[in-house]
Amino acid sequence: MTVFLVLGFVGLGLVVLSLLVGDHLEAAFGGALNALEGDVFSTAVLGGFISAFGFGAAAADGAGLPDVPVLAIGGISGVVVGWFAWWLTRLIKDGPSDGTVSIGDTVGLVGRVLTTIPGGESYGVIRVSVGGHVMQCNASSLLPIETGAEVSITGVLSPTAVTVAPVWSPSPDNQSSES
């Protein structure tokens, strides 16, 4: 049982090292692991397998099971945790990253007027949130729009300017006259 617990703690140490120093740990072995390229044999996967194997086998050995079931339980535990570590590693590495936010990403969104838009070919300023990034853009509209009003961004004029239209919202006067 002691051997399995030692394996478990060695595996945990390898996982902690892989989290702290990442790929530098693999480089520390002088490229010896380069023959095992890929995420399947990363230090996180190997550490997860070794620790789960050690702790799973120690638990089975502590329960008084014979050697073959102890090794089988340790192996199954190691494969499950190793697969999960591989899956998480692949998910993180292959996951999409947020690209640079551009003014084209604002089309179709709703913003708020910061500086009155006079209408015609004159500009005001709006603020819009794009994927958690707040952008301020110059804005042009056919109709005058007052400060504080919500606007829908309808197009891009330049890298710093957009066209907008007022967002329609029912006024309390219109609702009471329809009732």
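Shown above is the structure to which this text applies.
Reading the values: the criteria
- Counting restarts for each chain, with residues numbered from 1 along the sequence as it is written.
- Only residues with pLDDT of 70 or above have their local features reported here, since the model is predicted, and side-chain atom pairs are shown and tallied only from 80 upward, although totals for entire chains, interfaces and linings are computed over all residues.
- With hydrogens and water set aside, each side-chain value is computed from the structure's full complement of heavy atoms.
- Every axis corresponds to a line fitted to the C-alpha atoms, with the helix fit spanning only the stretch in contact, and the corresponding angles, defined between N-to-C directions, vary from 0 to 180 degrees.
- Helical segments are the DSSP runs of H or I of at least four residues, strand segments are the runs of E of at least two, and each set is numbered from the N terminus.
- We call two directions roughly parallel when the angle between them is under 35 degrees, roughly antiparallel when it is over 145, roughly perpendicular when it lies between 65 and 115, and oblique otherwise.
- Less than a right angle of anticlockwise turn of the near helix away from the far helix marks a crossing as left-handed, whereas a clockwise turn marks it as right-handed.
- Three classes are used: nonpolar for Ala, Val, Leu, Ile, Met, Phe, Trp, Tyr, Cys and Pro, charged for Asp, Glu, Lys and Arg, and polar for all others, with Gly counted as polar.
- Burial classification: accessible surface area is computed with a 1.4 Å probe over protein chains only, and a residue below 20% of its type maximum counts as buried, one above 50% as exposed, and the rest as partly exposed.
- In this scheme Phe, Tyr and Trp rings, the latter by its six-membered ring, pair at centre separations within 6.5 Å, and the angle between planes marks the pair as stacked below 30 degrees, edge-to-face above 60, and tilted otherwise.
- Counted as a polar contact is a pair of N or O atoms within 3.5 Å, where, for protein atoms, one must be capable of donating a hydrogen and the other of accepting one, and residues adjacent in sequence contribute only when both atoms are in side chains.
- Any pair of residues with heavy atoms lying within 4.5 Å of one another is described as a contacting pair.

S.K.: Whenever I open this one, the packing of helix α1 (residues 2–21) against helix α3 (residues 43–62) confuses me. Can you help?
M.R.: It is at 7 Å that the axes of α1 and α3 come closest, and there the two elements cross at 155°. With respect to α3, the element α1 is oriented roughly antiparallel. Judged by the twist between their axes, the crossing of α1 over α3 is left-handed. Of the residues that constitute the contact of α1 with α3, the class distribution is 14 nonpolar, 8 polar and 1 charged.

S.K.: Looking at this structure, I do not really get the environment of Ser-102. What am I missing?
M.R.: Here Ser-102 lies in the loop between α4 (67–94) and β1 (110–115). In this structure Ser-102 comes out as partly exposed when scored by relative accessible area, which is 36%.

S.K.: Would you mind showing me how to read the packing of aromatic side chains here?
M.R.: What describes a pair of aromatic rings is the distance from one ring centre to the other and the angle between the planes of the rings. On inspection of all chains with the given rule, the structure shows 5 aromatic pairs. Taking the centre distance of 6.2 Å and the plane angle of 75° together, the rings of Phe-4 and Phe-53 count as edge-to-face. Of the two residues, Phe-4 is situated in helix α1 and Phe-53 in helix α3; the sequence distance between them amounts to 49 residues. When sorted by exposure, Phe-4 lands in the same class as Phe-53, which is buried. A centroid spacing of 5.2 Å and a plane angle of 85° characterise the contact between Phe-9 and Phe-55, whose relative ring orientation is edge-to-face. Of the two residues, Phe-9 sits in helix α1 while Phe-55 sits in helix α3, which places them 46 residues apart along the sequence. Residue class for Phe-9 comes out exposed when judged on its relative accessible area of 54%. Taken together, Phe-4, Phe-49 and Phe-53 form an aromatic cluster joined through their ring pairs.

S.K.: What exactly am I supposed to notice about the side chain of Ser-140 here?
M.R.: Its place among the elements puts Ser-140 in strand β3 (residues 133–140). For Ser-140, a relative accessible area of 11% translates into the label buried. Polar side-chain contacts of Ser-140 include one of 3.2 Å to the backbone oxygen of Gly-120. Contacts of Ser-140, omitting those with residues within four sequence positions, involve Ile-117, Gly-120, Ser-122, Tyr-123, Leu-157, Val-162, Thr-163 and Val-164.

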